[in-house]
Amino acid sequence: MRRAVCPGSFDPCTRGHLDIIDRSARLFDEVIIAVLVNQNKQGLFSVEERLEILREVTKNLPNVRVEAFRGLLVDYCRDNDAQVVVKGIRAVSDFDYELQMAQMNIGLSGVETLFMPTNPLYSFVASSLVKEIAKWGGDVSSFVPELVERRLLEKFRPADGS
């Protein structure tokens, strides 16, 4: 079985993430969306919320499963018999960072990394930018699935409900 891991924080999941996941699901028998648990970083959405959102927005992909992980990605891949890590690349700056990670991963464990260029429609979309736009009441509907948009509105709605 050809199994791949799509790792990330997914805080929040964007249409760019989903494009990479969907394309990966067509290439591999199984794709695991691995949500990184980083205790040193407080996300907007809890890990549980991110898992719930990802499961909902990928429910149409029968060969995709969603899990949380902590620790080294290569250990997670070995424990799940995944031979490949799939990473979306938006720009040269992504490639510089991801190449170092890929070389470290293959050196540590032999796990290969597949770099998948992002669809040009999403080349500028980043979770951090989406959060910033939503925080200030901007329209993020073209960047995230409807469920994520609703959840962002809930997170940033003033406490008085106005």
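The sections below set out a description of the structure shown in this document. Please read all numbers here as calculations on a predicted model, not as lab measurements.

Take the state of the cysteines next. Between two cysteines, a covalent bond joining their sulfur atoms is known as a disulfide. As enumerated under the stated definition, the model contains 0 disulfides in all. Just so you know, C6 is unpaired, no disulfide at all, and the nearest cysteine sulfur is the one on C77, 10 Å from it. For C77, a relative accessible area of 0% gives the class buried.

The subject of this paragraph is a nonpolar patch on the surface. A grouping of L72, M104 and L108 is seen on the molecular surface, where their side chains present a nonpolar patch of about 320 Å² in accessible area. Tracing the backbone through its elements, the reader meets M104 in helix 4 (residues 92-109).

A few words now on the packing of helix 2 (residues 47-57) against helix 6 (residues 146-156). For the pair helix 2 and helix 6, the least separation of the axes is 10 Å and the interaxial angle reads 155°. Classified by the angle between their axes, helix 2 and helix 6 sit roughly antiparallel to one another. Here E49, E52, I53, E56 and V57 of helix 2 come into contact with helix 6, specifically with L147, V148, R151 and K155. Here the residues of the contact of helix 2 with helix 6 are counted per class, giving 4 nonpolar, no polar and 5 charged.

What follows deals with the environment of P62. By the secondary structure assignment, P62 is in the loop between helix 2 and strand 3 (64-69). Note on P62: relative accessible area 80%, which makes it exposed. A sequence separation of 26 residues divides P62 from G88, and the C-alpha atoms of the two residues are 21 Å apart.

It is worth spelling out the sheet that holds strand 1 (residues 3-8) at this point. In spatial order, the strands read 3-2-1-4-5; together these 5 strands make up an open sheet with parallel pairing. The open sheet is flanked by strand 3 and strand 5 (112-117), the only strands paired with a single partner. Strand-to-strand twist of the sheet, defined as the mean angle between neighbouring strand axes without regard to direction, takes the value 30°. As paired strands, strand 1 and strand 4 (residues 84-89) are joined by 2 bridges and run parallel to one another. Paired with V5 across the bridge in strand 4 is V85. Across the sheet, helix 2 touches strand 2 (30-36) and strand 3, and the angle it forms with strand 3 is around 175°.

Another point: the nonpolar core. I21, V86 and L152 are the most contacted members of the largest nonpolar core, which has 35 residues in total. For this core, the element with the highest residue contribution is helix 2, accounting for 5 residues. With near-sequence residues (within four places) excluded, I21 lies in contact with C6, F10, I33, T58, L61 and V64.

Here we take up the pattern of salt bridges. Tallying each qualifying case throughout the model produces 18 salt bridges. Between R3 and E30 there is a salt bridge, with the nearest N and O atoms lying 2.5 Å from each other. Here the residue R3 occupies a position in strand 1, and E30 occupies one in strand 2, the gap between them amounting to 27 residues. Overall, the relative accessible area of 15% leaves E30 in the buried class. We note a salt bridge from E52 to R151, for which the minimum N-O separation is 3.1 Å. Remark: R151 occurs in helix 6 and E52 occurs in helix 2; sequence separation between them is 99 residues. A network of salt bridges, in which partner residues are shared, links E49, E52, R151, E154 and K155.

Cut-off values and rules
- Residues numbered from 1 in each chain as written.
- Predicted model: local features only at pLDDT ≥ 70, side-chain atom pairs only at ≥ 80, totals over all residues.
- Heavy atoms only, no water.
- Disulfide = S-S within 2.5 Å.
- Buried < 20%, exposed > 50% of the residue type's maximum accessible area, 1.4 Å probe, protein only.
- Patch = residues over 30% accessible without salt bridge, like charges linked within 9 Å, V, L, I, M, F, W, Y side chains within 5 Å.
- Areas by Shrake-Rupley, 256 points an atom, 1.4 Å probe, with all protein chains shown as cover.
- Salt bridge = Lys/Arg side-chain N within 4 Å of Asp/Glu carboxyl O.
- Helix = DSSP H or I, 4+ residues; strand = E, 2+ residues; numbered from the N terminus.
- Axes fitted to C-alpha atoms, helices over the stretch in contact; angles between N-to-C directions.
- Parallel < 35°, antiparallel > 145°, perpendicular 65-115°, else oblique.
- Contact = heavy atoms within 4.5 Å.
- Nonpolar A, V, L, I, M, F, W, Y, C, P; charged D, E, K, R; others polar.
- Pairing = 2+ DSSP bridges.
- Core = buried A, V, L, I, M, F, W, Y, C linked by side-chain atoms within 4.5 Å.

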